[in-house]
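One letter stands for each residue in the lines below.
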Amino acid sequence: MQLNSLVKNNKKKIRVGRGIGSGRGKTSSRGHKGQKSRSGVAIKSFEGGQMPLYRRLPKRGFKSLNKNNVAILNLSKIQSILDKPKNNIKNSLDLKILKDKKLINKKFDKLKILGTGEIKNNVEISAHFASKQALSKIEKAGGKLSIIKK
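Residues numbered from 1 in each chain as written. Predicted model: local features only at pLDDT ≥ 70, side-chain atom pairs only at ≥ 80, totals over all residues. Heavy atoms only, no water.

Peer 1: Describe the overall build of the protein, naming the residues involved and giving the relevant values.
Peer 2: When helices and strands are tallied, the protein shows 5 helices and 6 strands. Start at the N end of the protein and walk to the C end: the helices and strands fall as α-α-β-α-β-α-β-β-β-α-β. For the C-alpha atoms alone, the extent of the protein along its principal axes is close to 90 × 55 × 25 Å. Expressed as a percentage of the 150 residues in the protein, the buried residues total 21%. (Helix = DSSP H or I, 4+ residues; strand = E, 2+ residues; numbered from the N terminus. Buried < 20%, exposed > 50% of the residue type's maximum accessible area, 1.4 Å probe, protein only.)

Here is the structure:
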C-alpha cells in the first residue's frame, strides 16, 4: 500500500476533445451529429412533439401577492407558553416578544388571538385581532387584551 494513495487522489481529470491520441478526441464521447452532440442544447421536458406532461396537467392554485402573514394563537397555546419557565414571560405578551423568544416565526406581521382552551394567568396581551370568546376569557382570568390598530 502506497503512502501517496492515502494522502491524495492522483487521478487526472479527463480532458475531452484533445486529439485522437487521448481516447476522448474528435467527437468527445458525444457520438455523431444530432441535437445532443451540440453544445448549449437542453432537451429537458421535450417529448418528441407529444404534448409535454407539464402542459397536459391542469393549472392549480393561486399565490396572493399581498398575503397577510397573521400568526394565530389559541389561549391554550398562550397558557402553555406562559407555563414554561424557560420562556421567562411574566405578564405581558405581544408579537415582538414572541418573535424575540423564537416562539413564532419571524415572517409574521400580525397576531390574532383565538378563544380555544383556557387561560389561568392574568396577562396583558396586545394583538392585532382577537375573537370575542378570547377577549371574554382573558378578562375573566383578570388579564387585559388591547387591540393594535394598523
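Peer 1: Could you give me a rundown of the pairing of strand β1 (residues 70-74), with the residues and numbers involved?
Peer 2: Where burial is concerned, the two faces of β1 differ: the one with A71 and L73 is buried and the one with V70, I72 and N74 is not. Bridge analysis of β1 against strand β3 (residues 110-114) gives 5 bridges, and the strand direction is parallel. The partner of A71 across the bridge, within β3, is L111. (Pairing = 2+ DSSP bridges.)

Peer 1: Provide a residue-level description of the pattern of salt bridges, including the pertinent values.
Peer 2: Here the structure, examined in full by the defined rule, presents 3 salt bridges. Of the charged contacts, one joins R56 and E47 as a salt bridge, the two residues approaching to 3.1 Å between their closest N and O atoms. When the shortest N-O distance is used, the salt bridge between K96 and D100 registers 3.2 Å. Residue K96 and its partner D100 are both found in helix α4 (residues 95-100); the two are separated by 4 residues, about one turn of the helix. Relative accessible area serves as the criterion here: at 57%, K96 is assigned to the exposed category. We classify D100 as exposed; its relative accessible area is 53%. (Salt bridge = Lys/Arg side-chain N within 4 Å of Asp/Glu carboxyl O.)

Peer 1: Which residues make up the nonpolar core, and what values do they have?
Peer 2: If you look at the biggest cluster of nonpolar residues, it comprises 21 residues, and the most contacted ones within it are I78, L111, I113 and I125. Of all elements in the fold, only β1, α3 (75-83), α4, β3, β4 (124-127) and α5 (132-140) reach the threshold of two or more residues within this core. For this core, the element with the highest residue contribution is α3, accounting for 4 residues. Dropping the residues within four chain positions of it, I113 is found in contact with L73, L75, I78, I125, A127, F129, A130, S131, A134, I138 and L145. (Core = buried A, V, L, I, M, F, W, Y, C linked by side-chain atoms within 4.5 Å. Contact = heavy atoms within 4.5 Å.)

Peer 1: Residue-level account of the side chain of N69, with values.
Peer 2: Inspection of the secondary structure assignment puts N69 in the loop between α2 (53-56) and β1. A relative accessible area of 19% places N69 in the buried class. In this structure the side chain of N69 is engaged in a polar contact, spanning 3.4 Å, whose partner is the backbone oxygen of K107. Ignoring anything within four residues of it in the chain, the contact list for N69 reads K107, F108, D109 and K110. (Polar contact = N/O pair within 3.5 Å; in protein donor to acceptor, adjacent residues only side chain to side chain.)

Peer 1: Now, about the sheet that holds β3: what can you tell me, with residues and values included?
Peer 2: Judged by pairing direction, the sheet is parallel, and its 3 strands sit side by side in the order β1-β3-β5 without closing on themselves. Each of the sheet's edge strands pairs with one partner strand only, and the pair in question is β1 and β5 (129-130). By the bridge criterion, 2 bridges tie β3 to β5 in an arrangement that is parallel. Paired with I113 across the bridge in β5 is A130.

Peer 1: Give me the lowdown on the sheet that holds β4, citing residues and values where you can.
Peer 2: As a general point, the strands of a sheet are linked pairwise by backbone hydrogen bonds and lie either parallel or antiparallel. On the basis of which strands lie adjacent, the open sheet formed by 3 strands has the order β2-β4-β6 and parallel pairing. Only two strands of the sheet have a single neighbouring strand rather than two, namely β2 (92-93) and β6 (144-147). Of the pairings in the sheet, the one linking β4 to β6 comprises 4 bridges and is parallel in character. Within β6, the residue paired with E124 across the bridge is K144.

So, to be careful, I would describe these as geometric facts and stop short of saying anything about function.
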